[in-house]
Structure formats: structure tokens, C-alpha cells
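Coordinates in review
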Amino acid sequence: MGILNDDAVLIEPGKNSGDPSVVTVNCPDESGLGSTLCRIILEFGLSITRADFSTDGRWCYIVFWVTPDHSSPKLDWDSLKNRLLSACPSCLGSFYFCLESNVSKPPSLYLLKFFCRDRKGLLHDVTKVLTELELTIQRVKVMTTPDGRVLDMFFITDAMDLLHTKQRQTKTCDHLTAVLGEHGVSCELELAGPELESLQRFSSLPPVAADELFGSDGSDVSSSSSNKAVLTVDNQLSPAHTLLQIHCVDQKGLFYDILRTSKDCNVHIAYGRFSSKVKGYRNLELFVRGTDGKKIADAKHQANFCSRLKEEIVCPLRVIIVNRGPDSELLVANPVELSGKGRPRVFYDVTLALKSLGICIFSAEIGRHSTLDRQWEVYRFLLDESREFPLASLRARNQIVDRVTKTLMGW
């Protein structure tokens, strides 16, 4: 990474149980850096309780106050620091036009395949192991055979970039074998070559399901959070920046959603404050500029940006249950960043919610779906019938959607 030392990222653990830890990042700036840092923090199962950040376009200083999610595995703070450091541009890159970070080689894709006997909560337990090992699930195909066995195929990337080594591969399979116990039959890990591309294909969504999932602004899909975001634009307070004030419901990944949307809309944040929540609500103040370095004075640009930002705050994810022939399918969708990355930990949270309800997953897929204005990452779960939650019942379906939504949003 060039000239960059460990002091670029400092982590101060909370002094007492329940106290937030403080993460300070002091490094050269680049477009989208705040969004990338928030994404990494979210990947580690941390919630941002407060944040302050400022940049002059060349150097940035960001402070996050973070707390762990109770459902998350034990946190490796050293690993978090290393991941944050890897995202920081080098000093060399800030003063010379080093394009290395922009053309970096994409991580290698591996196929993890295992065959085992099915049981409740199996998919989440496997997902938890992969999360602990910092392996990111890019695609998945899960199939249950008539005799109650499961073939799971996970297409994964390694945040540590060590999965090509025998030691890392053995550690991964050993951890999975330990969690599968007597239910495990086999575990294989290999580099996913071109001949495996067909296994990644995502069966297309039925038009009726796609229309229900994407045919609105999402407010009816997550009605519990709709109409609870107020955005105010002020061009009078600052001579050089547009002030954007946001008052909204607190939720998991809120700061990430705001920063990724700003990045994708080419809105640059020079200074921001993410205040502690009060009665379940957050207040944010962002001093922003357009790509020309000036205020966002154009009324149409303001309206488009605020509309997009409000939509992403109110409904960053969409959750529904639809019929798939005689069966019931849970669909979860989230927007894909312009960089091509999907939202972190969605698969983890959905499988956790279904496990907590005692609902078994017959099959699962992760894929992409394109609409007119953007691309979406779609998670499909074919659900098994449950005595507690008969899937033919609208009430049971609403309960499942509610639990999954609340788990994803951290409510």
C-alpha cells in the first residue's frame, strides 16, 4: 500500500462492558473511502453508534464509535484493523496519481462443496463459520435430496487472500467438519474455474414475483419503516457546501447506506456528524458538494439525490414471500453498489432469522436481477412447511417477513 503505517487506523476498546469501542482512521482520502470503511465495519457485525468525519479532498479524519451485534461471532479486532488498513490509500497514492487501487485484481473465486445430512439451522451454522473465517459468500446453491441429505455449494472469496494455501483450506474444512459433526459426509474446496460458471447461474424471477418485489418504491414492502425519514437541504448556512440534514429511524447499516448512496450519486461529503440515537431516531448533518466541487444548487439535482437517498434509508432491503408452484419462497433483495458489491451479511441475517423461527430451508440461491435503473442482489429461499408457521396462512407469512426484516434492520 506504499507509505502507510499502523497509526492510520487506531482501535480503542470500550473500557466497560457495553461501552462502544472507538475506531479512528487518519489517512489520505479517495472517492468512496467512507463507504468502504463502513462496509468493512458492517461485515464484522459491528453497529456504528456515532461518527464524525472530515476531509479536504486529500486527507480524511474519521472517528467511529462501534458496538458488536449480539448475534455476531467473537470479534477479532486485529483482523478488523488489518482490513481497515488495507482499504486506506497510501500517502504515495494521494500525492501522485497512482491508479493501483482502482485497477486492483478482483479476488479469486472458490467453490466450497459439502454433502451432509439435513437438520434445522444447518445453513446458518455453516454461514456463521464462514463469517468467522472472513470468507465472503458471493453465490450459493443449496439443494435437499428426497432422502433428507443436503448438497451445499458456496462460491466464496477470501478477505485474507490466503485460500490458495493448503493451511487455509485445511482450516476451513476442519471448522466446517466440526460444526457439521456426525451430520457431515464430505467437504471439498477448489478454485472455481470457467467450467463452473454454469453452477453460478441464477434462475430468473417469475414476472409476477419481480413486479411485486421491484414494482414500487419499496414502501409497501417494509411499511414499518416507511415515511420515517425527513431530509432538509440548506444552501445558505455554508459559503462552500450544501448542508443536508437527515432525521430518520435508526437501523443496521444506516451510515453505510447513506455513504454508498452518496458515492453512487457522485455527491462528495466534506464533513459529517452521525449523532447518537434518541428514542430510536438518528440525526445526521452532512456538508456536501457536487463533482465540480461546488454546492448542489440545481433544484432537479437536489430533488433526485434526496429522493434516492430517502428511498435507500426507508427501504434498503425488500422482503416478501411468494408462491413457487405448490411451494412458498422467501425473496430478499438489496441494491448492488455501482462497484458491483452487494450488501454485507444479508445471507447471515436471513438464515439466523429462519433458524430462530425453527423453519427449515429446502433450497437457497443468491443471484443478480436487473431493473431499468439499477441492479439488485436477490436471495431466494424455498421454505419447508412448519407446524408453527403453516405457509398457506397469510398471518404466518407476515410473521416470517416481519422477523426477517427486523433481523436485517437490527430492530
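Residues numbered from 1 in each chain as written. Predicted model: local features only at pLDDT ≥ 70, side-chain atom pairs only at ≥ 80, totals over all residues. Heavy atoms only, no water.

The name given to the protein chain in an unreviewed UniProt entry is ACT domain-containing protein ACR, with Microthlaspi erraticum as the source organism. Comment text from UniProt for the protein chain, heading Function (unreviewed entry), reads "Binds amino acids." (UniProt positions renumbered as here; feature names shortened; annotations may be inferred.)

A look at the packing of helix H4 (residues 122-132) against helix H9 (residues 346-357)
In contact at an axis separation of 9 Å, H4 and H9 are set at 145° when each is read in the N-to-C sense. Viewed along their axes, H4 and H9 form a crossing whose handedness is left-handed. The segment H4 lies against H9, with Leu123, His124, Asp125, Thr127, Lys128 and Thr131 engaging Phe347, Tyr348, Thr351, Leu352 and Lys355. Considered class by class, the residues forming the contact of H4 with H9 number four nonpolar, four polar and three charged. (Axes fitted to C-alpha atoms, helices over the stretch in contact; angles between N-to-C directions. Helix = DSSP H or I, 4+ residues; strand = E, 2+ residues; numbered from the N terminus. Left-handed = near helix turned anticlockwise from the far one by under 90°. Contact = heavy atoms within 4.5 Å. Nonpolar A, V, L, I, M, F, W, Y, C, P; charged D, E, K, R; others polar.)

Things to note about the side chain of Lys252
Here Lys252 lies in the loop between strand S10 (242-249) and helix H7 (254-264). Residue classification places Lys252 among the buried residues on the basis of a relative accessible area of 13%. At a separation of 3.3 Å, a polar atom in the side chain of Lys252 contacts the side chain of Asp69. Here Lys252 is in contact with Leu42, Asp69, Asp257, Arg343, Asp349, Thr407, Leu408, Met409 and Gly410, once residues within four sequence places are set aside. (Buried < 20%, exposed > 50% of the residue type's maximum accessible area, 1.4 Å probe, protein only. Polar contact = N/O pair within 3.5 Å; in protein donor to acceptor, adjacent residues only side chain to side chain.)

Things to note about the pairing of strand S14 (residues 327-335)
Along any regular strand, the residues point their side chains to alternate faces of the sheet. Across the nine residues that make up S14, a large majority, eight, are buried. When strand S13 (residues 318-324) meets S14, the two strands line up antiparallel, connected through seven bridges. Across the sheet, the residue bridging to Asn323 is Ser328, located in S14. The antiparallel hairpin formed by S13 and S14 contains two residues in its connecting segment, where Gly325 sits at a positive phi of about 65°. (Pairing = 2+ DSSP bridges.)

Description of the pairing of strand S16 (residues 375-383)
Across the nine residues of S16, eight count as buried, placing the element largely inside the fold. Where S14 lies against S16, eight bridges are found, and the strand directions are antiparallel. Bridging from a neighbouring strand, Leu330 pairs with Phe381 of S16. Looking at chain direction, strand S15 (residues 361-370) and S16 are connected through nine bridges and run antiparallel. For Gly367, the partnering residue across the bridge sits in S16 and is Val378. Here S15 folds back onto S16 in antiparallel fashion, the turn holding four residues.

Concerning the pattern of salt bridges
In the structure shown here, the tally under the stated rule is 27 salt bridges. Of the charged contacts, one joins Glu43 and Arg83 as a salt bridge, the two residues approaching to 2.5 Å between their closest N and O atoms. Within this pair, whereas Glu43 is found in helix H1 (residues 33-43), its partner Arg83 is found in helix H2 (residues 77-87), the two being separated by 40 residues in sequence. In this structure Glu43 comes out as buried when scored by relative accessible area, which is 18%. Residue Arg83 is classed as buried on the basis of its relative accessible area, which comes to 15%. The partner of Asp147 in a salt bridge is Arg149, and the shortest N-O contact between them spans 3.9 Å. Salt bridges sharing partners connect three or more residues here, namely Asp257, Arg260, Arg308, Glu311, Glu312, Arg318, Arg343, Asp373 and Arg374. (Salt bridge = Lys/Arg side-chain N within 4 Å of Asp/Glu carboxyl O.)

Overview of the nonpolar core
Ranked by internal contacts, the top residues of the largest apolar core, which has 49 residues, are Ile48, Phe64, Ile246 and Phe255. Among the elements that make up this core, the one with the highest residue count is H1 (six residues). Those residues in contact with Phe255 that lie beyond four places of it in its chain are Cys38, Ile48, Ala51, Phe53, Phe64, Phe274 and Leu284. Leu123, Ile321, Phe389 and Val401 belong to the second-largest nonpolar core, a separate cluster that totals 48 residues. (Core = buried A, V, L, I, M, F, W, Y, C linked by side-chain atoms within 4.5 Å.)

What about the packing of aromatic side chains?
The way to describe two aromatic rings as a pair is by their centre distance and the angle between their planes. Using the criterion set out here, one finds nine aromatic pairs in the structure. Linked through ring pairs, Phe114, Phe154, Phe347, Tyr379 and Phe381 together constitute an aromatic cluster. Sitting over the ring of Trp65, Arg50 keeps its end group 3.8 Å from the ring centre. Its guanidinium or amino end placed over the ring of Tyr348, Arg345 lies 4.3 Å from that ring's centre, counting from NZ or CZ. (Phe/Tyr/Trp six-rings, centres within 6.5 Å; stacked < 30°, edge-to-face > 60°. Lys NZ or Arg CZ within 6 Å of the ring centre and 35° of its normal.)

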